[in-house]
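So the chains spell out like this:
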Amino acid sequence: MRLKNRLELARADDLTLGVFLERFGAVRGPRLLVDELGGVRLTFADAADLVERAAGSLHGRIRRGDRVLVATPNGYRLFLACLAVSRAGGVAVPVNPRMAVEEVEYVERDAQARVRIDDFDALSRGGVAGAAAPTTPDDVAVLLYTSGTTGRPKGAELTHRALLSGLSGGALVPDVVLGRGCATGLPVAHVAGLTLLLQLAALGVPVHLLTHFRPTDALDVIEQRRPAMFVGVPAMYRMMIDAGAQRRDLSSVRLWSSGADRLDNDIIEVFRQAGSVARLPLVHRALGRAWFVDGYGMVETGGGVAVRVFAPVRTPVDGLLRPIGGHRTRIVDDEGNDVAIGTVGELLVSGPGVMRGYHGVDHAEDSLTRAGWLRTGDLARPHRFGFFELAGRKKDVIKHGGYSVFAAEIERVLAEHPAVAEVAAVGLPDPQKGEIPAVVVRSRPGEALTPAAVLQLAAERLSDYKRPQRVAIVDELPRTGTDKIDKGRCRALFATETNAGDGRGRERSVEPTSDMRAGAIG
């Protein structure tokens, strides 16, 4: 009977968030779904029951298509609340608990949320399980708001099809090959966290979820629970290195994965070496280097649309991206023409994950072409056979004296300094040159990095017009609610700089927040 259910689910073309756990619970009922660090532990059947009862609590309170703000603490309950909203016929609007009160209030107003969920347990206790409200795969399932670093956040309308395309086939994966699970600390309200939990549930892979990411906790979970996978963002990998990752036994990890921002190849190599591709059962010896998958995507693409794969053995395409999941890419010039191999242009994406549009915006022509291509705002360089590499943000180009200086190039060069942990390049207004390059740098623990050392490396490796003319050394780089480097706040550091460096660059210190001191994300 269960095999029949698996086959039916694998062929299903009507899967929605509202019936997602009901369908997968029917084929994986007693299997462990989630084991939070110090939190909830649920099987598929347990979670499906909670979603059905929570949806029952919403019955009669919302109509089809009503937006529901999901403002629970970070964790698996936030994910279940989104599924419950969908089952009741609504559109989930999850918000990151790290957002400021006024940011959450703005999202609630902009989305015109009819109901707000702050406590999933209370919602599920008060409801009676019932059938899912009628919903189609092409209906909007979730409104995910962008981080809003360049203005007010906008809600990307993601359909059920965009979020679940291709996941039905996960029902055919036999339980015996699912391994020891996946550890992650991704924020659930972020597109990467939400889609990861959907993918893991579809495949039947148990998730060891850290609701508040702390690097020592993450390393402890890997050592003690021995997951075969770990998924994070670049900031998490850097924090784990600072917390002594290279002194820990991380050999259980066969696959590391990252997304949401650029990750340097040297950090990727550290974790490939720490994991392993296999383990000899009798002598308990780890073999080879682990796989590493670095994904590319954004809110507007409904998650990852391209990956660069680092296999255990080096290949000619290491470090190059290629589209996945039925997505297509183009790289075009300002007139919309495809650029030549090796030439930088803007990356366009089309495919099942691309948003329908922005909530409350009649036309999103600045973002979507008439043919359905999403203008990502990212610069890329095409290679042969459909591969490409990123070259920075289109708006992240510094116009210095008539030259176009890519911030990503400055960052890549300076990140090679052994004392540099992270670097962000920005353009500062200049009356003569238009803009001048500047960098904000975080040094590695125990390293006494100076602006002079940064400028010396720049002088050795960069053309004169690309060299930073201001340097700020900080304890932590400012970040958005999704842990990306906040370039706007980086620029603001130079507006209040006080201490002169060596006459060419300037240095100041930034007092870390309590979360920075604790090394916490989430």
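Residues numbered from 1 in each chain as written. Predicted model: local features only at pLDDT ≥ 70, side-chain atom pairs only at ≥ 80, totals over all residues. Heavy atoms only, no water.

Enquirer: Any details on the pattern of salt bridges? Residues and values, ideally.
Expert: Applying the stated criterion to the full structure yields 28 salt bridges. In this structure, Asp 242 and Arg 442 form a salt bridge, with 3.1 Å as the shortest nitrogen-oxygen distance. Here Asp 242, found in helix 10 (residues 234-242), pairs with Arg 442, found in strand 25 (residues 434-443); they are 200 residues apart in sequence, far enough to count as distant. What makes Asp 242 partly exposed here is its relative accessible area of 32%. A salt bridge links Asp 294 to Arg 308; the nearest nitrogen and oxygen atoms lie 2.8 Å apart. You can see Asp 294 sitting in strand 14 (residues 291-298) and its partner Arg 308 sitting in strand 15 (residues 303-310), a full 14 residues away along the chain. By relative accessible area, which is 10% here, Arg 308 ends up buried. Here the salt bridges do not stand alone but share partners, grouping Arg 238, Asp 242, Glu 422, Arg 442 and Arg 479 into one network. (Salt bridge = Lys/Arg side-chain N within 4 Å of Asp/Glu carboxyl O. Helix = DSSP H or I, 4+ residues; strand = E, 2+ residues; numbered from the N terminus. Buried < 20%, exposed > 50% of the residue type's maximum accessible area, 1.4 Å probe, protein only.)

Enquirer: Which residues make up the nonpolar core, and what values do they have?
Expert: Of all hydrophobic cores here, the largest spans 108 residues; its most connected members are Phe 20, Leu 21, Tyr 76, Leu 80, Trp 256 and Phe 271. It is helix 4 (residues 76-87) that contributes the most residues to this core, 9 residues altogether. For Leu 80, the residues in contact, after removing those within four places along its chain, are Leu 21, Leu 42, Ala 47, Leu 50, Val 51 and Phe 120. One finds Val 405, Ala 407, Leu 449 and Ala 458 within the second-largest nonpolar core, a separate group that totals 21 residues. (Core = buried A, V, L, I, M, F, W, Y, C linked by side-chain atoms within 4.5 Å. Contact = heavy atoms within 4.5 Å.)

Enquirer: Talk me through the side chain of His 417; I want residue IDs and the actual numbers.
Expert: Within the element layout of this structure, His 417 appears in the loop between helix 12 (407-414) and strand 24 (420-430). The exposure class of His 417 is buried, given its relative accessible area of 19%. Not counting chain neighbours up to four residues away, the residues in contact with His 417 comprise Leu 449, Ala 453 and Leu 457.

Enquirer: Got a sec to walk through helix 5 (residues 101-111)? Specific residues and values, please.
Expert: Buried within helix 5 we find Val 104, Tyr 106, Val 107 and Ala 111. Seen from one end, helix 5 has its buried residues packed into an arc of 155°, which puts them on one side. Structural note: helix 5 exposes Val 101, Glu 102 and Arg 109 on the side pointing more than 90 degrees away from its buried face. Contacts made by the buried residues of helix 5 are with strand 3 (67-70), strand 4 (91-94), strand 5 (115-117) and strand 6 (140-145). Phi turns positive, to about 55°, at Gln 112, one or two residues after helix 5. (Arc of directions from axis to C-beta.)

Enquirer: Mind laying out unusual backbone geometry, listing which residues take part and the relevant values?
Expert: Even without being glycine, Gln 112 reaches a positive phi, approximately 55°. In this fold, Gln 112 is placed in the loop between helix 5 and strand 5. Its relative accessible area of 55% is what places Gln 112 among the exposed residues. The phi torsion at Arg 226 lies on the positive side, around 55°, for a residue other than glycine. In this fold, Arg 226 is placed in the loop between helix 9 (215-225) and strand 10 (229-232).

Treat this as a map of the structure, not an account of what it does.
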